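Observations on chain architecture
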Amino acid sequence: MATARKATGGGAAWLFGLASSVLLVALWGRAVVVDTGQLAESLAPLAGTNLVIDRFSSWLVEELTQEGLDPVTAEGAAENVLDDPSVSQALASVLGEMVEAAASPDPGGSTVDARSAITPAVPQIAVRLQELGVPVSEGQLAAAVTDLDPIVVRQPATAPYVGPSSEAASKLGTAVVLALALMVITTWVYVAASDDRRKALRSLLTRFSLGALSFAIFLRIGGWVLDPGGGRAPVEETIGLLATSKWLIPLGLGFIAGWGAVAFWLFRKRQVKPGAGSPKRIEAPTLPPG
């Protein structure tokens, strides 16, 4: 009987650890997916990736070629323009609007008007091109920007990709509920199979606290390892920002569970009176002489 209870408790403790890991990952993941503002800020470094730069450069080369420049000169001018901070800000703005469009619950789909993001950078781009000797006026560039087609982010009748209404947030929310339910069940089984129930509950709280704190530290260190100096590489910087964006959630849960374990320990210590567990010495009766 004792062996069966011990095995049941061990299995329950293992399942509790597994469920707590799923809970921490799902909570962190859902917080990242739902917070579109933080997500857009984290994705901003992707404006410096080759994919985004090549798309913008191809469009600019095409427009300059239509204005009469030879392709070689147009490509060289486009490469120099890409170094301008206003262009980087415009591309980052486009990515941010794409995140907001991806989170939109509009059943008619969502698009991004790239013209509104690039138009503020047109004067700086025109000045930069004129400094390079490219005979393109600000009006010509503004007309080219006006002809840009909207970027289709989400087709009609398609669920949002991010945000509170997204399928990812729904699945992660389901994972949170299932993990919590499994943690409650395994806690009941583990405590019921233990001789000292308060000690068993304190043990689970301590285990969850250490796991949550370890996960928070892992996110924080992982973000630093991926991008220690900031701006090391666009993709690595983005992953680092995503890792550290919601690291306070597991940290807070770890501290709460830790304080719960300490509270149980203090309560148990007060319940046990000093000397209550030590047996009293019984003196043998002294017989009268004679």
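Residues numbered from 1 in each chain as written. Predicted model: local features only at pLDDT ≥ 70, side-chain atom pairs only at ≥ 80, totals over all residues. Heavy atoms only, no water.

1. Focus on the overall build of the protein chain
Put simply, the rule reads: Numbered from the N terminus, helices here are DSSP runs of H or I no shorter than four residues, and strands are runs of E no shorter than two. Relative accessibility decides the category of a residue: with a 1.4 Å probe and only protein chains considered, values under 20% of the type maximum give buried, values over 50% give exposed, and everything between is partly exposed. Accessible areas in this description were obtained via Shrake-Rupley with a 1.4 Å probe; residue shielding takes into account the shown protein chains only.
Assigned secondary structure in the protein chain consists of twelve helices and two strands. When the helices and strands of the protein chain are listed from N to C terminus, the series reads α-α-α-α-α-β-α-α-α-β-α-α-α-α. Among the 290 residues that make up the protein chain, the fraction classed as buried is 36%. When the accessible surface of the protein chain is split by element, carbon and sulfur atoms take 63% of a total near 17200 Å².

2. Examining the confidence of the model for the protein chain
Which entries qualify depends on this criterion: A score from 0 to 100, pLDDT tells how confident the predictor is in each residue. When checking whether two residues touch, look at their non-hydrogen atoms; a contact exists if any pair is within 4.5 Å.
Model confidence for the protein chain is summarised by a mean pLDDT of 79, while 86% of its residues fall at 70 or above. Here helix H4 (residues 71-81) stands out as the element of the protein chain with the lowest mean pLDDT, 73, in contrast to helix H9 (residues 167-192), whose mean of 93 is the highest. With pLDDT under 50 throughout, residues 276-282 is counted as low confidence; its partners more than four residues away or in other chains account for zero contacts.

3. Some remarks on the pattern of salt bridges
Convention followed: Every case where a carboxyl oxygen of Asp or Glu lies within 4 Å of a side-chain nitrogen of Lys or Arg is listed as a salt bridge.
One pass over the full model with this rule turns up three salt bridges. Between aspartate 35 and lysine 246 there is a salt bridge, with its nearest N and O atoms 2.7 Å apart. Taken together, the positions of aspartate 35 in the loop between helix H1 (2-34) and helix H2 (36-43) and lysine 246 in the loop between helix H11 (234-245) and helix H12 (248-271) put the pair 211 residues apart, joining distant regions of the chain. Residue aspartate 35 is classed as partly exposed on the basis of its relative accessible area of 27%. Across the pair aspartate 113 and arginine 115 runs a salt bridge, and its minimum N-O distance is 2.9 Å.

4. Some remarks on the nonpolar core
Cut-off, in case you're wondering: Among buried residues, those of type Ala, Val, Leu, Ile, Met, Phe, Trp, Tyr and Cys that are joined through side-chain atoms within 4.5 Å constitute a nonpolar core.
The biggest cluster of nonpolar side chains holds 33 residues, and the ones touching the most others in it are Leu23, Val162, Met183, Tyr190 and Phe208. When contributions to this core are tallied by element, the ones reaching two or more residues are H1, H2, helix H5 (85-103), H9 and helix H10 (197-226). With ten residues, the single largest contributor to this core is H1. Aside from chain neighbours lying at most four places away, what touches methionine 183 is Phe16, Ala19, Ser20, Leu23 and Phe208. Grouped together as the second largest cluster of nonpolar side chains are 27 residues, Phe56, Leu91, Ile118 and Val136 included.

5. A short note on a nonpolar patch on the surface
Definition in use: Patches draw on residues past 30% relative accessible area with no salt bridge. Two like charges within 9 Å are joined, as are two nonpolar side chains (Val, Leu, Ile, Met, Phe, Trp, Tyr) within 5 Å.
Judged by side-chain polarity, Trp14, Leu15, Leu18, Val22 and Leu182 come together as a nonpolar surface patch covering roughly 440 Å² of accessible area. Counting residues per element, the nonpolar patch draws most heavily on H1, which supplies four residues. Take tryptophan 14: it is sitting in helix H1. We classify tryptophan 14 as exposed; its relative accessible area is 58%.

6. A word on unusual backbone geometry
Not every positive phi belongs to a glycine, and alanine 157 is a case in point at roughly 65 degrees. Residue position: alanine 157 is located in the loop between strand S2 (151-154) and H9. Judged by its relative accessible area of 77%, alanine 157 is exposed.

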